Amino acid sequence: SNDTNAAVYIHDAAAGWIPGTLLSSDPASRTARVRVTSSSLDGYLSFGESGGHEVNVDLSGPGYASTEHTLPRMNVHADSGKLVEVSDLCDLSYLNEPAILHNLSVRHGNCLPYTRTGDIVIAVNPYQWMEHLYDAACMNTYAEHYIFAARKENRAKPPPHVYEISSSCYTGLAAESTDQSILVSGESGAGKTETVKILMNHLASLHRQEQSQDTTTDTSHIVQRVLDSNPLLEAFGNAKTTRNDNSSRFGKYIQLQFDNEDPYTAQLKGKRLPNCVLAGSLCKTYLLEKSRVVSHENPERNYHIFYQLLDSPLHFRQKVWPEKLVPPDSLAKQNKPMPPSTFRCLGNPDKILIEGKTDHQNFAKTVDALHLIGIREEKLVSLFRAICVVMQLSNLTFDKDPKDDDRSIIVSQDELKLLADLLGLPSINDIEKALTYRTVVSRNDRVEVPLNVHQAIDVCNAFAKEIYAKVFDWLVRTINQATRAEDTYPHAQEVDKFGIIGLLDIFGFESFKINRFEQLCINYANEKLQQKFTLDTFRSVQAEYEFEGIELADLNFDDNADVLNLIEGRMGFIAVLNEECIRPRGNDLAFVQKVYAMNGTGADTPLVDNRFYKNDEFGIKHYAGPVKYNATHFVQKNTDIIPLDLVECASKCTNAIVRAEFAPPPEIPPAKATPGPPGRRKKRGTATVWTKFRSQLAELMDSLSRTRSRYIRCVKPNTQKKPKIMNHASTVEQLRCAGVVAAVTVSRALFPNRLTHAVTLERFACLHPVVLDKSHEDWSRRAVEGLLAAALQPLETIADDGSVTKAFVCGNSRVYFRLG
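Please read all numbers here as calculations on a predicted model, not as lab measurements.

About the cut-offs
Residues numbered from 1 in each chain as written. Predicted model: local features only at pLDDT ≥ 70, side-chain atom pairs only at ≥ 80, totals over all residues. Heavy atoms only, no water. Core = buried A, V, L, I, M, F, W, Y, C linked by side-chain atoms within 4.5 Å. Buried < 20%, exposed > 50% of the residue type's maximum accessible area, 1.4 Å probe, protein only. Helix = DSSP H or I, 4+ residues; strand = E, 2+ residues; numbered from the N terminus. Contact = heavy atoms within 4.5 Å. Phe/Tyr/Trp six-rings, centres within 6.5 Å; stacked < 30°, edge-to-face > 60°. Salt bridge = Lys/Arg side-chain N within 4 Å of Asp/Glu carboxyl O. Expected span 1.5 Å × (residues − 1). Axes fitted to C-alpha atoms, helices over the stretch in contact; angles between N-to-C directions. Nonpolar A, V, L, I, M, F, W, Y, C, P; charged D, E, K, R; others polar. Pairing = 2+ DSSP bridges. Polar contact = N/O pair within 3.5 Å; in protein donor to acceptor, adjacent residues only side chain to side chain. 1 Å grid on protein atoms, 1.4 Å probe; cavity = no way out; pocket = protein on both sides within 12 Å on 5 of 7 lines; lining within 4 Å. Points joined across faces, edges and corners; volume = space filled by probe spheres on them.

### Brief notes about the nonpolar core
- Counting residues in each nonpolar core, the largest one holds 129 residues, and the members touching the most others are Phe 306, Phe 384, Ile 431, Tyr 468 and Ile 712.
- The element contributing the most residues to this core is helix α15 (residues 453-483), with 16 residues.
- The contacts of Phe 306, once residues within four sequence positions are left out, are Leu 346, Ile 387, Val 390, Met 391 and Tyr 468.
- Counting residues in hydrophobic clusters, the runner-up holds 50 residues, among them Leu 183, Phe 507, Cys 521 and Val 563.

Dropping the structure here:
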């Protein structure tokens, strides 16, 4: 902005953006002088205030890159000078990064957690439960508006809410028979998991409303099973972290399956909308954080289920593993839990409440949910004994063999004996040998290679991680068997295809002080999702312009195809790392060197080369910002192969779950070989972690592409987990990472500012006489075009061919202003 006395924002490293008043500016030198008043810091600005201080602003700095190196304008009331607060960001006259930030900040302070921007809902974690936002009356309000009275015109929208997303999905599925998906994203602690539960409960309530109208089929038990399966995933897949006491350490895509009524049949019955009966659900999971099983930082915890087991009723612990889960007699009489320090992998964290409940109370809830999906009695005991195996592996102590430093021995023989008994092995020899030796199989021979201490510890940790991951996958499959409509819905045989409303709860973009293999996988997933988000936003802009009757010229927007090509292209990270994993002496340093050699550096590549990087470090310019990665253990983590000795040992154990999960797959008879060119043989090898994840991700993106996607961006306002407080610097960073700022950039690329016809006439009528001829249906559009054509004529540009480009375009309901 170049208007003196205009309300503007200036960039501030600590506060994100601070409101101020423009005193002067020099476009040539890209400098400005701004007065920042004391009252600016709380999001309000009073014009004419004599206090505050003046600052010189350098607009050429990186802080103003997102605003085209100009001072972004504030949205203030002309009379009071106070910040304009809106429920829909599209209603802001000046829509820019600081405007979004301060609008969210004011709403957060007013206990309004939801804000919409077009079809996207931004959910700021309120850190308090507001009953009036989630009670039956509120659910009905959104159901009535978006579903049962959706075709009525001229109805005011209710305030923004995630219920409008779930309701719109239900309507799209019922009325148009189009599969739907809701993509919920945000960093840890932003409220993703809670939001998904709120959405699921709302969709279940819509189902119950339909059931009350149609009593021919009672599927309430199916609904309950679908809803109650979610706490199971939390117990086994969530943990306390520094950011969140109930953090999901995996991604999940829950597909709610619906039996859609035929529209013609519904019309004959006089229904406003065809029935959509919730028939079941399917869940797919991604990238469980296996490393947490063996190590985590203080004051974090391991997965909830470990602590729930230690605090379970004494009679249950006696049934599962009395040798280690039952305390001494003096404590047993008091039914006290076993301390977490009993097992090294659990640490000694403080007791916490998860959603207001103790570990003891949550264990009862977990067991009830396990019973509901058919896990009871012997199967229940086997499940928790498998969990005990994971804990007990952490109690083994390795040391150098006194006779040979390159060999290792297990010095904690008592703990080893307990482990062997737990696994049901006849002696400790099998497990001891499997943990301290590695068998190398050649064409005609088997050679036993001793492991040193570090190698033995790595093998032990890998075994614990693999057992937990396989138990988790087994649990997910068991849940699906108990909830999927094909097996549980009474009328499954009559349904050709179940309608889908998918709920994606996946890890947000991550950038820590040290970023490793897990962060690169997570950010790769976010790049794929961001690409879809940008394309969907572009399509929504197209729809808006078509509605307004505006021709859409070429629209340029940031595309992250170069980043995705760097990761998954022929010479990208996945290909290079996979090649390094099968190379006899493949290592992390060689991987980094080859990535740089094959992809180069410079302005045209997202690969970052910094002279201060170490040999095992590299950087990527992600859509959300540059991230430096440390490649230590990349090759090991990508290979993730359990030694054959441990696989054989696990397949001999008496635990039914562990034995079945480690059993070799049934042999498939080889197909007849097709003759190929001589001298060339196809490489064979085990699929790497990244290859598997890429396949999972491709399958997910394919599933999402066949749905109408809607977005909920969750924001964590502060790290203290307190209501009404917002840290502006971290919040604006989350908005960038969530793609909200990028979405605004796409939507405002051609026309950064917009006003309704009524506001335009009110603000600018003083600049030129206005003719209001209300005899025409589009009288307001005609009046606005006449007013602005005269008032903004000096801003018109004339091309070489003589064509004139006005500074504005008038739509059916809004005026769109070009940059300038």
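Back to the write-up after that little detour.
### Observations concerning the packing of aromatic side chains
- Scanning the entire structure with this criterion turns up 28 aromatic pairs.
- Seen in terms of ring centroids, Phe 250 and Phe 472 are 5.2 Å apart; in terms of plane orientation they differ by 70°. Their pairing is edge-to-face. Highlighted residues: Phe 250 in the loop between β9 (247-248) and β10 (251-260) and Phe 472 in helix α15, separated in sequence by 222 residues. Here Phe 250 matches Phe 472 in class, with each residue buried.
- When the centroid spacing of 6.3 Å and the interplanar angle of 75° are considered together, the rings of Tyr 524 and Phe 693 count as edge-to-face. Within this pair, whereas Tyr 524 is found in helix α17 (residues 517-548), its partner Phe 693 is found in helix α24 (residues 689-705), the two being separated by 169 residues in sequence.

### As for the pattern of salt bridges
- Per the counting criterion, the structure on display carries 40 salt bridges.
- Of the charged contacts, one joins Arg 706 and Asp 702 as a salt bridge, the two residues approaching to 2.6 Å between their closest N and O atoms.
- For Arg 706, a relative accessible area of 54% puts it in the exposed group.
- Residues participating in the shared-partner salt-bridge network are Glu 194, Lys 197, Glu 234 and Glu 355.

### Observations regarding helix α2 (residues 136-148)
- The end-to-end C-alpha distance of α2 is 16 Å, clearly below the 18 Å that 13 residues give at a rise of 1.5 Å each.
- Within α2, burial applies to Cys 138, Met 139, Tyr 142, Ala 143, His 145, Tyr 146, Ile 147 and Phe 148.

### Some points on the packing of helix α14 (residues 429-436) against α15
- The geometry of α14 relative to α15 is characterised by a closest axis approach of 8 Å and an angle of 115° between their N-to-C directions. Taking contact as the criterion, the partners of Ile 431, Ala 434 and Leu 435 in α14 are, on α15, Ala 456, Val 459, Cys 460 and Phe 463.
- Here the residues of the contact of α14 with α15 are counted per class, giving seven nonpolar, no polar and no charged.

### Some details on unusual backbone geometry
- Backbone torsion omega between Asn 298 and Pro 299 reads 5°, so that peptide bond is classified as cis.
- Considering the arrangement of structural elements, one finds Pro 299 in the loop between β11 (276-286) and α7 (304-310).
- A positive phi angle, near 55°, is found at Arg 30, a position not held by glycine.
- Assignment of secondary structure puts Arg 30 in the loop between β2 (16-26) and β3 (31-36).
- For Lys 721, which is not a glycine, the phi torsion comes out positive at approximately 60°.
- Relative to the helices and strands, Lys 721 resides in the loop between β20 (708-715) and α25 (728-737).
- Overall, the relative accessible area of 31% leaves Lys 721 in the partly exposed class.

### Topic: the sheet that holds strand β21 (residues 753-756)
- Strand order in the open sheet formed by three strands is β21-β25-β24, with antiparallel pairing between adjacent strands. Each edge of the sheet is formed by a strand with only one pairing partner; in this case those strands are β21 and β24 (808-810). Each strand of the sheet is rotated relative to its neighbour by a mean of 20°, with strand direction disregarded.
- Across three bridges, β24 lies against strand β25 (residues 814-817) in antiparallel orientation.

### As for helix α20 (residues 588-599)
- Over its twelve residues, α20 extends 17 Å from the first C-alpha to the last, a length consistent with the 16 Å expected when each residue adds 1.5 Å.
- On its buried side, α20 packs onto α19 (573-582), β17 (607-608), β18 (617-622) and α21 (634-639).
- Capping the start of α20, Asn 587 holds a side-chain oxygen 3.2 Å from the backbone nitrogen of Leu 589, two or three residues further along.
- Directly after α20, the chain includes Gly 600, whose backbone phi takes a positive value near 65°.

### Structural notes on empty space enclosed by the protein
- Going through the model one piece at a time under the given rule, you end up with three cavities of 30 Å³ or more.
- Of the pockets and cavities examined, the largest cavity occupies roughly 60 Å³.
- What lines the largest cavity is Met 200, Val 226, Ser 229, Asn 230, Leu 233, Ile 254, Ser 281, Cys 283, Ile 479 and Asn 480.
- At the level of secondary structure, the elements contributing two or more residues to the lining of the largest cavity comprise α5 (220-237), β11 and α15.
- In terms of residue count, the dominant contributor to the lining of the largest cavity is α5 (four residues).
- The residue inventory of the lining of the largest cavity, partitioned by class, reads six nonpolar, four polar and no charged.
- Taken as a whole, the second largest cavity spans an internal volume of roughly 40 Å³.
- The wall of the second largest cavity is formed by His 108, Cys 111, Leu 112, Pro 113, Pro 126, Gln 128, Met 130, Pro 723 and Lys 724.
- Broken down by class, the residue content of the lining of the second largest cavity amounts to six nonpolar, two polar and one charged.

### Examining the side chain of Ser 408
- Take Ser 408: it is sitting in strand β13 (residues 404-410).
- Within the structure, Ser 408 has its side chain in polar contact with the backbone oxygen of Leu 451 (distance 2.8 Å).
- Look past the residues within four positions of Ser 408 in its chain and what remains in contact with it is Asp 399, Asp 401, Thr 436, Leu 451, Asn 452, Val 453 and Ala 456.

### Digging into the pairing of β3
- As judged from the five bridges shared by β2 and β3, these two strands associate in the antiparallel manner. Bridging across to β3, Ser 25 finds its partner in Ala 32.
- Hairpin connection of β2 to β3: four residues between the antiparallel strands, including Arg 30 at a positive phi of 55°.
- Judged from the six bridges that link them, β3 and strand β4 (residues 53-58) form a sheet pairing that is antiparallel. Its bridge partner lying in β4, Thr 31 is registered against Asp 58.

### Regarding the sheet that holds β17
- Sheet architecture is open: three strands sit in the order β17-β18-β19, paired in antiparallel fashion. Two strands bound the open sheet, and with one partner strand each, they are β17 and β19 (625-630).
- In the sheet, β18 pairs with β19 via six bridges, with the strands oriented antiparallel. Each bridged residue has a counterpart across the sheet, and for Ile 620 the counterpart in β19 is Val 627.

### Description of the side chain of Thr 605
- Tracing the backbone through its elements, the reader meets Thr 605 in the loop between α20 and β17.
- On the basis of relative accessibility, which here comes to 10%, the residue Thr 605 falls in the buried class.
- Looking at Thr 605, its side chain comes within polar contact range of the main-chain nitrogen of Leu 607, at 3.2 Å.
- When near neighbours in sequence (up to four residues on either side) are disregarded, Thr 605 contacts Asn 599, Gly 600 and Lys 621.

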